[in-house]
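# A closer look at the structure
Letter by letter, the chains look like this.
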Amino acid sequence: MSSSTMAYALADSKTMLRRSLLHAKRYPSMTFSIILMPIILLLTFNFVFGGALEKSSGGNYIDYLTPGMLLMIPAYMTAGVAVSVCTDTTKGIVNRFRTMAISQSAILAGHVVGALIQALLGIAAMVGVAVLAGFRPSADVVEWIAAFGLLGMLVFGLTWIAVGMGLVAQTPESASNMPFPLIMLPFLGSGLVGTDTMPVGLRQFAEYQPFTPLTETIRGLLMGTEIGNNGIISIAWCVGLALVGYFWSTSVFRKQAQR
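The following refers to the structure shown. What you see as residue numbers is a count from 1 along each chain, following the sequence as written. Predicted model: local features are reported for residues with pLDDT of at least 70 only, side-chain atom pairs are reported and counted for 80 or more only, and whole-chain, interface and lining totals are derived from all residues. Excluded from the side-chain calculations are hydrogens and water; all other atoms, namely the structure's heavy atoms, are used.

The next thing to look at is the packing of aromatic side chains. Side-chain rings of Phe, Tyr and Trp, where Trp is taken by its six-membered ring, are said to pair if the distance between their centres is within 6.5 Å; with planes under 30 degrees apart they count as stacked, over 60 as edge-to-face, and otherwise as tilted. Under the definition given, this model contains six aromatic pairs. Ring plane angle 20° and centroid distance 6.4 Å describe the contact between Tyr-61 and Tyr-64, whose orientation is recorded as stacked. One end of the pair, Tyr-61, and the other, Tyr-64, are both in helix α4 (residues 61-69), three residues apart, so they sit about a helical turn from each other. Each residue's exposure class comes from its accessible area (1.4 Å probe, protein chains only) as a fraction of the maximum for that residue type: buried when under 20%, exposed when over 50%, partly exposed otherwise. In this structure Tyr-61 comes out as buried when scored by relative accessible area, which is 1%. Judged by relative accessible area, Tyr-64 falls into the buried class, the value being 13%. On the basis of an interplanar angle of 85° and a centroid distance of 5.1 Å, the ring pair of Trp-160 and Tyr-246 is categorised as edge-to-face. Helix and strand assignments come from DSSP, with helices taken as H or I runs of at least 4 residues and strands as E runs of at least 2, each series counted from the N terminus.

Lines fitted to C-alpha atoms define the axes here, with helix axes fitted over just the stretch in contact, and angles between the N-to-C directions of these axes take values from 0 to 180 degrees. Remark: helix α5 (residues 72-90) packs on helix α8 (residues 141-168), axes separated minimally by 7 Å, with the N-to-C direction vectors making an angle of 35°. Where α5 crosses over α8, the handedness of that crossing is right-handed. Listed contacts from α8 to Pro-74, Ala-75, Thr-78, Val-81, Ala-82, Val-85, Cys-86 and Thr-89 of α5 are Leu-154, Val-155, Leu-158, Thr-159, Ala-162, Val-163, Met-165, Gly-166 and Leu-167. Crossings are classed by handedness, with left-handed meaning an anticlockwise turn of the near helix from the far one by less than a right angle and right-handed meaning a clockwise turn. Here, two residues are considered to be in contact whenever any of their heavy atoms come within 4.5 Å of each other.

It is worth spelling out the packing of α4 against helix α12 (residues 211-223) at this point. A packed helix pair is summarised by two numbers, namely the angle formed by the two axes and the spacing between the axes. Packing of α4 against α12 leaves a shortest axis separation of 8 Å and a crossing angle of 130°. Considered as vectors, α4 and α12 are oriented oblique to each other. Judged by the twist between their axes, the crossing of α4 over α12 is right-handed. Judged by residue contacts, Asp-63, Tyr-64, Pro-67 and Gly-68 of α4 engage Thr-215, Ile-218, Arg-219 and Met-223 from α12. Any residue outside Ala, Val, Leu, Ile, Met, Phe, Trp, Tyr, Cys, Pro, Asp, Glu, Lys and Arg is labelled polar, Gly included; the first ten of those are nonpolar and the last four are charged. Within the contact of α4 with α12, the residues separate by chemical class into four nonpolar, two polar and two charged. Note that the term roughly parallel is reserved for angles under 35 degrees, roughly antiparallel for angles over 145, roughly perpendicular for angles of 65 to 115, and oblique for everything else.

Attention now moves to α4. For α4, a buried count of nine out of nine residues is recorded, marking the element as mostly surrounded by other parts of the structure. Within α4, the full set of buried residues consists of Tyr-61, Ile-62, Asp-63, Tyr-64, Leu-65, Thr-66, Pro-67, Gly-68 and Met-69.

Okay, here's the thing in structure tokens:
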């Protein structure tokens, strides 16, 4: 790719990003529900179930809970992205873009970067609410940057998966349901309780699914607990999700253009 072609692609991606953010601003209900629901779940688990679950956390439950709940926002963002992409596809907007002098990759990149910005803002909002609820992290500036960097990598990977779901879905309604397994994964890891309290089969699943090493890494960065090899495993999962999602979504996108 020549430098001029890359410059045009970046400019087009910026335009599509602006479109994605303006769309979120004009129709904020989906964005607010995606960001507010994890925050509501954080408060619910802490104040309703926190007393009963405190023994499994070995300390202040909000300190144990918050790192895992931060992963809820990347998971919930997949539903909004899938619906947005499917809406563009089914309403013919994507076909119209294909007839214009615009980089085809920019059409999808706008959704991905827009979701990344919204998710990071939502994560920052959840941290603020958690601090008000009693969350007391011990992380320094570098550890905070590393935690947000890892969360950003997860958002990036999951968003590309969600783009692929939105492209293959027949209706926005079906697109909103397709990410449900991804949304459930944070509940089936170590975000709410330790995996050693789970039945054998569920514990084995929880320990080998991506959200458990991610949770343990974020918890280690923010609370100073042991990370071990979870950091490397987490990065590997994020890179793998991004590569699978990117090649899947771009392949589907090209096939649809050839119809």
